[in-house]
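# Per-entry structural report
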Amino acid sequence: MGEQEWRDFLLERPRPATLGWVTTDGRAMVAAVWIDLDGDDVVFQTGADTAKARAIRRDPRVTLLVDDDRPPFAFVRIEGIATTSDDLDDVVAWAERIGGRYMGADRADEYGERNGVPGELVVRVRATRVVAQRDISA
């Protein structure tokens, strides 16, 4: 996939992404996150005290994988550098935007209230490498 095609894939329907990082003792860890795009950044939220947030503060290198598990199968893998923000206006705006994307626009305010609170972070991942493929089994 070219750049526009993998971006379109990420946005065509809300699919959970799998975030990968390495722990301090060298174990590989993964967690599901809801994502959206903002320019060149992939954006998600997490709690400031989660393993994800602690890992990003220690080492901002992460990997995100978004896949389509229906034949003929497709995936986008993004390796990148993560930054975090605890700016409450930013946290609320992204909680509403991402919650509305995954749960429906009619529930965006609900997710803004639930996830747009102190102690939550906005995480932005700037891609350093993207591998993307469609029609894997075709």
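For clarity, every value in this text was computed on a predicted model and none was experimentally measured. (Residues numbered from 1 in each chain as written. Predicted model: local features only at pLDDT ≥ 70, side-chain atom pairs only at ≥ 80, totals over all residues. Heavy atoms only, no water.)

### What to know about the sheet that holds strand E5 (residues 61-68)
One open sheet accounts for 7 strands, arranged E2-E1-E5-E6-E7-E4-E3; its pairing is antiparallel. Each edge of the open sheet carries a strand with a single partner, namely strand E2 (28-33) and strand E3 (36-38). Within this sheet the neighbouring strands show an average axis-to-axis angle of 35°, counted without direction. One ladder, built from 8 bridges, connects E5 with strand E6 (residues 74-85); its direction is antiparallel. Its bridge partner being in E6, Thr63 is matched across the sheet by Glu79. Contacting E3, E5, E6 and strand E7 (120-133), helix H1 (residues 3-12) crosses the sheet at an angle of about 80° to E6. (Pairing = 2+ DSSP bridges. Helix = DSSP H or I, 4+ residues; strand = E, 2+ residues; numbered from the N terminus. Axes fitted to C-alpha atoms, helices over the stretch in contact; angles between N-to-C directions. Contact = heavy atoms within 4.5 Å.)

### Some thoughts on the packing of helix H3 (residues 88-103) against helix H4 (residues 108-115)
H4 packs onto H3 with a crossing angle of 135° between their chain directions and a minimal axis gap of 7 Å. With respect to H4, the axis of H3 lies oblique. As for how H3 packs across H4, the hand of that crossing is right-handed. Contacts between H3 and H4 involve Val91, Val92, Ala95, Glu96, Gly99, Gly100 and Met103 on the former and, on the latter, Ala108, Asp109, Tyr111, Gly112 and Asn115. Residues that form the contact of H3 with H4 fall into these classes: 6 nonpolar, 4 polar and 2 charged. (Parallel < 35°, antiparallel > 145°, perpendicular 65-115°, else oblique. Left-handed = near helix turned anticlockwise from the far one by under 90°. Nonpolar A, V, L, I, M, F, W, Y, C, P; charged D, E, K, R; others polar.)

### Points about the nonpolar core
Leu10, Ile35, Phe44, Leu64 and Val125 are the most contacted members of the largest nonpolar core, which has 30 residues in total. The residues contacting Leu10, other than those within four sequence positions of it, are Ile35, Leu37, Val66, Val76, Ile78 and Arg101. (Core = buried A, V, L, I, M, F, W, Y, C linked by side-chain atoms within 4.5 Å. Buried < 20%, exposed > 50% of the residue type's maximum accessible area, 1.4 Å probe, protein only.)

### Examining the pattern of salt bridges
Enumeration according to the criterion identifies 18 salt bridges in this entry. Arg101 is the salt-bridge partner of Asp36, the closest N and O atoms lying 4.0 Å from each other. In this pair, Asp36 sits in strand E3 while Arg101 sits in helix H3, placing the two residues 65 residues apart along the sequence. Classification of Asp36 by relative accessible area gives buried; the value is 8%. Residues joined in a network through salt bridges with shared partners are Glu5, Glu12, Arg13, Arg15, Asp68, Arg70 and Arg134. (Salt bridge = Lys/Arg side-chain N within 4 Å of Asp/Glu carboxyl O.)

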